[in-house]
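A look at the structure
Letter by letter, the chains look like this.
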Amino acid sequence: MPNEDDILELLVDSLDLDPTDATAVDEDLDEDADEELEEELTAGLEEELDDPVEAALRRGAPLLLLHKSHQHSSVLPQVADDILRRHGGALQLGTIAPMPRMSPTSIEAYFDRMSTAPVRIADPECFARDDSFGSSLAAQRDGKPYVGSTSKHWSYFTDVQKNGHTETWVRDVLDAQRSCGATVLLTPGLWGDPATAKYAIATMRQHAEWSRRALDADEKLAVNVTIPASWLTTGALRDRLLDEIVDMDEQVFYLRVRWPLLGQPYGQLIDRTILDGYLELAAVFDDNDKVLILPNTGLTGWVGAACGAHGFSTGIGSGERAFADTRVIKINTKPRPAPTRRVFAHSLLHVVDVTTAEQVDSLTADRCHCRFCRAQRRLPAGQWDKALAGAHYLRRVGDMTAGIATNPRGRRVAARRATRDARRIVGDVSARLPLVGANEPKHLELWADLLR
Ligand SMILES: [Zn+2]
């Protein structure tokens, strides 16, 4: 029998069994996880427009949201600075802080550091309440709650609502976001259970109406929708949701879909029926001049933005790149084995191990020269910094987003070309460097088909 002290519990969101990609079943995103900010940012971009937040929510340049992660978020202000300096006119920038998983002071400090990003969202994550999807989330984490000790700071998150959620409670949810300095407010976003679809739709609408009544004239609102993927894959549910959204007066929707376990660590969604649902959603929003924001979607959100969505969020950790089912794996080793070093290979549009990424760069003679990669290469031999790798990924997502936004032939054509280029490179390098297992970009064929 293994000694209990030697069992590590790790949280994964993929079917792949490699435990080195797992994160510990954690913990809250408190300020202790952050290091001090390394440099001051130059401000000024916000002054160029009368209301930069309104401009960022207007259909036009796509909105890229940097989603704060548990670790390594101290690099995000530099990423935001880089992206704005390179692509300020081509895209809009924002950030999201997961409100109940942080303390109020740490969110305020974080928003301060991210002040160059006009859109600052404190996501209330009400779906994780005990009376919503919280117990299911905990079950996927071996009983550990999605929101831990920081919930004590947030009465809106813990208040018992015996007879349904009241207008006063919805106001409390908005007040909590205001107190942190959010520039776009979200409705609560309780879990939309398809088993009670009528109630879920009515709640979404009611909470939007109550929120609208509680807003000051200059405040911005997005309707927060959190739903399982069956809303996208079941025609009747999808139509019902879209009919309601089109009928509502609200323009901006922040829509998060729970995905099944992913096939690969840091992988993309490769479920065709869910992707088709996303594309229909994006097209309906586009046709009706409404604004669709897709939090926690990684590069799937980029495909969405190519097809009519306004914006998406991604981040350094896997939880920020995908809102996917998780499971706990237990490994009988202590100390924990060194994590596999993975990095975004921009030419493949895929995350691969570092050795493979270096070989791909060498074969394609296309090494990244962003300041984060240069800093990574200056580290002493054998050292590797996950924050720099994450910053490189986000910088590249900024490049990709600006790339589709500025293509004269349109976003969809631009994304199709980028996908075809990546497939061609996969084909070119495969003869000398087989891309297998987690290194295989399984999503590219599907994307090429979707973007036709
Ligand atoms: Zn780079």
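Counting restarts for each chain: residues are numbered from 1 in the order of the written sequence. Totals for whole chains, interfaces and linings use every residue, but because this is a predicted model, local features are given only for residues with pLDDT of at least 70 and side-chain atom pairs only at 80 or more, for both listing and counting.

**Comments concerning the pairing of strand 3 (residues 63-67)**
Counts of 20 or more other C-beta atoms within 10 Å of a residue's own C-beta define buried residues, counts of 12 or fewer define exposed ones, and intermediate counts define partly exposed ones; C-beta atoms are placed from the backbone. For the purposes of this entry, the term helix denotes a DSSP run of H or I that reaches at least four residues, the term strand denotes a run of E that reaches at least two, and both are numbered from the N terminus. Most of strand 3 sits inside the fold, with 5 of its 5 residues counted as buried. Of the two faces of strand 3, the one carrying Leu 63, Leu 65 and His 67 and the one carrying Leu 64 and Leu 66 are both buried. For two strands to pair, DSSP has to find at least two bridges joining them. Two strands pair when backbone bridges link them, and strand 3 and strand 4 (residues 92-98) are joined in this way by 5 bridges, in the parallel orientation. Paired with Leu 66 across the strands is Thr 95, a residue of strand 4. A clockwise path from the first strand over the helix to the second, with the strands pointing away from the viewer, defines a right-handed crossover. Read from strand 3 through helix 2 (residues 76-87) to strand 4, the crossover connection turns out right-handed.

**Section: the sheet that holds strand 8 (residues 252-258)**
The sheet built from 8 strands is open, its strands ordered 5-4-3-10-9-8-7-6 with parallel pairing. Looking at which strands have only one partner, the edges of the open sheet turn out to be strand 5 (119-123) and strand 6 (184-186). Here the average twist between neighbouring strands, direction ignored, is 25°. As defined by bridge partners, strand 4 adjoins strand 5 across 5 bridges and the pair is classed as parallel. Within the sheet, the bridge partner assigned to Ala 97 lies in strand 5 and is Ala 122. Angles shown run from 0 to 180 degrees and are taken between the N-to-C directions of axes, each axis being a line fitted to C-alpha atoms and, for helices, limited to the stretch in contact.

**Considering helix 15 (residues 386-405)**
Compared with the 28 Å implied by 1.5 Å per residue over 20 residues, the 29 Å span of helix 15 between its first and last C-alpha is a close match. Among the 20 residues in helix 15, 17 count as buried, and that is most of the element. For a helix, the expected span equals 1.5 Å multiplied by the residue count minus one.

**A few points about helix 16 (residues 411-430)**
The terminal C-alpha atoms of helix 16 lie 28 Å apart, and with 20 residues this matches the ideal 28 Å at 1.5 Å per residue to within 8%. For helix 16, the complete set of buried residues consists of Arg 411, Ala 415, Arg 416, Ala 418, Thr 419, Ala 422, Ile 425, Val 426 and Val 429.

**Section: the pairing of strand 13 (residues 350-353)**
With 4 bridges joining them, strand 12 (residues 342-345) and strand 13 adopt antiparallel strand pairing. The residue bridging Arg 342 from the neighbouring strand is Asp 353, located in strand 13. Counted between consecutive antiparallel strands, the loop separating strand 12 from strand 13 contains 4 residues, among which Leu 349 sits at a positive phi close to 50°.

**Some thoughts on the domain arrangement of the protein**
All domain edges in this entry derive from an automatic or database-based domain assignment. Under the domain assignment, the protein is made up of domain 1 (6-327) and domain 2 (337-450). Between domain 1 and domain 2, the C-alpha centre-to-centre distance is 25 Å. Residue-level contacts link 35 residues of domain 1 with 30 residues of domain 2. Only strand 3, helix 2, helix 10 (272-287) and helix 11 (298-306) provide two or more residues apiece to the side of domain 1 that touches domain 2. C-beta atoms are placed from the backbone for every residue, and two residues are taken to be in contact when these atoms lie within 7 Å.

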